[in-house]
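Residue-level listing of the chains:
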Amino acid sequence: MFPGCAATWGKHLRSREKPYRGAKPPRKRKPKGEGSGKVAKTVGALLLAGGSSRRMGQNKVLLPYEDGTFLSHAASALDFCKEKLLSVGETEYSLPGWEIVRDEIPGQGPMGGIYSALRHCRSEALLVLACDLPWFPRRLAEYLISFSDTGWMAWVMRSRDGRLQPLCGIYTRDCLPLMEQMLAEGNGRMADLLERAEAHILEAAYTEFSDRVFRNINTQQEYQMLMTPPVVAVCGVKNSGKTTLCEKLAAAYVQRGLRVGFCKHDGHAFTPDVVGTDSFRVRAAGAMPIVVTSEDYSMIVTQQQELLHALPLWRECDLILLEGFKNEDLPKIEVVRQGNSSLSVSRAPIAIVTDIPNLKADRAVLDLNAPQEVIAFIDRMILHLGD
């Protein structure tokens, strides 16, 4: 989100959280070491909605999303806070329960909005959130607030790619003198504020939260991708290495902090549950869909033609990998492996992934033995990360 904010200022880049891999958010725990014995600060909420949306071409704060707009969706993640402030520019908004705060020093970007809100608020600190982060969850807000007893002046998240997330953090009123000085100098750079305030950095890699929660929406293309998660199908003949490639792709993207979904097409009829079980008997009676759930996992049985259009199922995904689906109207890459296949069997694949030397094709040819080459292609053509 802020390409220039990957600063590394040594002793301030600490995280007191151990790696967390569970399905539930980290619990608040007693502070240890530095900050112990501090009284928790009162934390209000600040939504930043004063951007110009130049790249979007229209006011993105009011774009439809789920059952409302970007603005109402972001507000719902923070509505548990007692004090709720909305920083705006020239546009008028109506958001029940939220108090409007206008910039005291116009034209200073996010820092100007945060500065004005800190001067105005009754709380001792504000949880700051940009309105264009549609995947930001309430659990992350609660996680950030759980550090309000540490005595830090400010604390923000850092995503797995090394970028600081200054508009996903908490700033105390102790920042006001420093912000006032910086604004007087004409310096509204949030990265400089974090360094000069000796902000504490919380590593996303040590939490359950994927890097997706920090991804903002700036363009129409990104907005359309938000409404329809990106999909790529890995096709090929039997034993060509489709599953192995999917496994490598999934591991690489999960390592980068993305949430990856997977759907395999079975060319033969299969029984989705064990004959004689409760779910099998009820499905045989005509019920559909069928869900089997436990404390750790859930399994959904539905009609194949419905599955890829079941948006709630895939909404949390950054990328959906499919195995098979060679005749579907979807972006496809086909595995052509030496000694196993030599010709394409998929309908209009966008790339061939092969270990055959000097293979000629009228589309992109990628090296099967170089997964990073395939990943770079998906980044560019499916996720549009190079745009």
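Up top is the structure these notes are about.
Right, let's walk through the structure included here. Fair warning: this is a prediction, and the values are worked out from it, not measured in the lab. (Residues numbered from 1 in each chain as written. Predicted model: local features only at pLDDT ≥ 70, side-chain atom pairs only at ≥ 80, totals over all residues. Heavy atoms only, no water.)

Focus: the sheet that holds strand 11 (residues 260-264)
Stage number 1. Ordered in space as 11-14-10-15-16-17, the six strands form an open sheet in which the pairing is parallel. For this open sheet the edge positions go to strand 11 and strand 17 (364-367), each flanked by a neighbour on one side alone. The average angle at which neighbouring strand axes cross in this sheet is 25°, direction not considered.
Stage number 2. Both strand 16 (residues 351-354) and strand 17 contribute to a ladder of four bridges, which runs parallel. (Pairing = 2+ DSSP bridges. Helix = DSSP H or I, 4+ residues; strand = E, 2+ residues; numbered from the N terminus. Axes fitted to C-alpha atoms, helices over the stretch in contact; angles between N-to-C directions.)

Observations concerning the sheet that holds strand 6 (residues 125-130)
Stage number 1. Strand order across the open sheet formed by seven strands is 5-4-1-6-8-7-9, with mixed pairing between neighbours. The sheet terminates laterally at strand 5 (99-102) and strand 9 (200-203), the two strands that pair on one side only. Adjacent strand axes in the sheet meet at a mean angle of 30°, parallel and antiparallel pairs treated alike.
Stage number 2. Relative to strand 4 (residues 84-88), strand 1 (residues 43-49) is paired through five bridges, and the arrangement is parallel. Its bridge partner lying in strand 4, Ala-45 is registered against Lys-84.

Structural notes on a nonpolar patch on the surface
Stage number 1. Judged by side-chain polarity, Val-291, Ile-300 and Leu-313 come together as a nonpolar surface patch covering roughly 250 Å² of accessible area.
Stage number 2. Structurally, Ile-300 is set in strand 13 (residues 298-301).
Stage number 3. With relative accessibility at 45%, the residue Ile-300 sits in the partly exposed group. (Patch = residues over 30% accessible without salt bridge, like charges linked within 9 Å, V, L, I, M, F, W, Y side chains within 5 Å. Areas by Shrake-Rupley, 256 points an atom, 1.4 Å probe, with all protein chains shown as cover. Salt bridge = Lys/Arg side-chain N within 4 Å of Asp/Glu carboxyl O. Buried < 20%, exposed > 50% of the residue type's maximum accessible area, 1.4 Å probe, protein only.)

What about the environment of Ala-141?
Stage number 1. Of note, Ala-141 is situated in helix 3 (residues 138-145).
Stage number 2. Residues Ala-141 and Gly-169 lie 28 residues apart in sequence; the distance between their C-alpha atoms is 8.5 Å.
Stage number 3. Residues in contact with Ala-141, not counting those within four places in the same chain, are Ala-77, Leu-78, Phe-80, Leu-127 and Phe-136. (Contact = heavy atoms within 4.5 Å.)

A closer look at the nonpolar core
Stage number 1. Judged by nonpolar contacts, the single largest core of 68 residues is most densely connected at Leu-47, Ile-114, Leu-140 and Tyr-171.
Stage number 2. If we ignore the near neighbours within four places in the chain, the residues touching Leu-140 are Met-157, Cys-168, Phe-209, Val-213 and Phe-214.
Stage number 3. Formed by 22 residues, the second largest nonpolar core is a distinct cluster that contains Val-232, Ile-333, Val-374 and Ile-375. (Core = buried A, V, L, I, M, F, W, Y, C linked by side-chain atoms within 4.5 Å.)

Focus on the pattern of salt bridges
Stage number 1. Per the counting criterion, the structure on display carries 13 salt bridges.
Stage number 2. A salt bridge links Glu-83 to Arg-122, with the shortest nitrogen-to-oxygen separation between them at 3.6 Å. With a gap of 39 residues between them, Glu-83 in the loop between helix 1 (70-78) and strand 4 and Arg-122 in the loop between helix 2 (109-120) and strand 6 connect regions that are remote in the sequence.
Stage number 3. Residue Arg-160 pairs with Asp-211 through a salt bridge whose shortest N-O separation is 3.0 Å. Pair noted here: Arg-160 is in the loop between strand 7 (154-158) and strand 8 (164-172) and Asp-211 is in the loop between strand 9 and helix 6 (220-227), with a separation of 51 residues, a long-range link.
Stage number 4. On the basis of relative accessible area, Asp-211 is assigned to the buried category, the value being 11%.

Structural notes on the side chain of Thr-150
Stage number 1. Note that Thr-150 resides in the loop between helix 3 and strand 7.
Stage number 2. With relative accessibility at 3%, the residue Thr-150 sits in the buried group.
Stage number 3. At 2.8 Å, the side chain of Thr-150 and the backbone oxygen of Phe-147 are in polar contact.
Stage number 4. Side-chain polar atoms of Thr-150 contact the backbone nitrogen of Trp-152, separated by 3.3 Å. (Polar contact = N/O pair within 3.5 Å; in protein donor to acceptor, adjacent residues only side chain to side chain.)

With respect to unusual backbone geometry
Stage number 1. The peptide bond linking Met-288 to Pro-289 adopts the cis configuration, its omega dihedral lying at 5°.
Stage number 2. Note that Pro-289 resides in the loop between helix 8 (278-284) and strand 12 (290-293).
Stage number 3. Phi at Asn-239 takes a positive value of approximately 65°, unusual for a residue other than glycine.
Stage number 4. Secondary-structure assignment places Asn-239 in the loop between strand 10 (231-235) and helix 7 (242-255).
Stage number 5. With a phi angle near 55°, Asn-358 is a residue other than glycine that sits in the positive phi range.
Stage number 6. With respect to the helices and strands, Asn-358 occurs in the loop between strand 16 and strand 17.

Notes on the environment of Ile-145
Stage number 1. Along the chain, the position of Ile-145 falls in helix 3.
Stage number 2. Sequence-wise, Ile-145 and Ile-170 are 25 residues apart; in three dimensions their C-alpha atoms are separated by 7.7 Å.
Stage number 3. Setting aside chain neighbours within four positions, we find Ile-145 in contact with Val-43, Phe-80, Cys-81, Leu-127 and Ile-170.

Looking at the packing of aromatic side chains
Stage number 1. For the coordinates displayed, the defined rule picks out five aromatic pairs.
Stage number 2. Between Tyr-143 and Phe-147 the ring centres are 5.2 Å apart and the planes differ by 90°, which places this aromatic pair in the edge-to-face class.
Stage number 3. Grouped by ring-pair contacts, the aromatic residues Tyr-143, Phe-147, Trp-152, Trp-155 and Phe-209 constitute a single cluster.
Stage number 4. Positioned over the ring face of Trp-135 is Arg-215, at 5.8 Å from the centre of the ring. (Phe/Tyr/Trp six-rings, centres within 6.5 Å; stacked < 30°, edge-to-face > 60°. Lys NZ or Arg CZ within 6 Å of the ring centre and 35° of its normal.)

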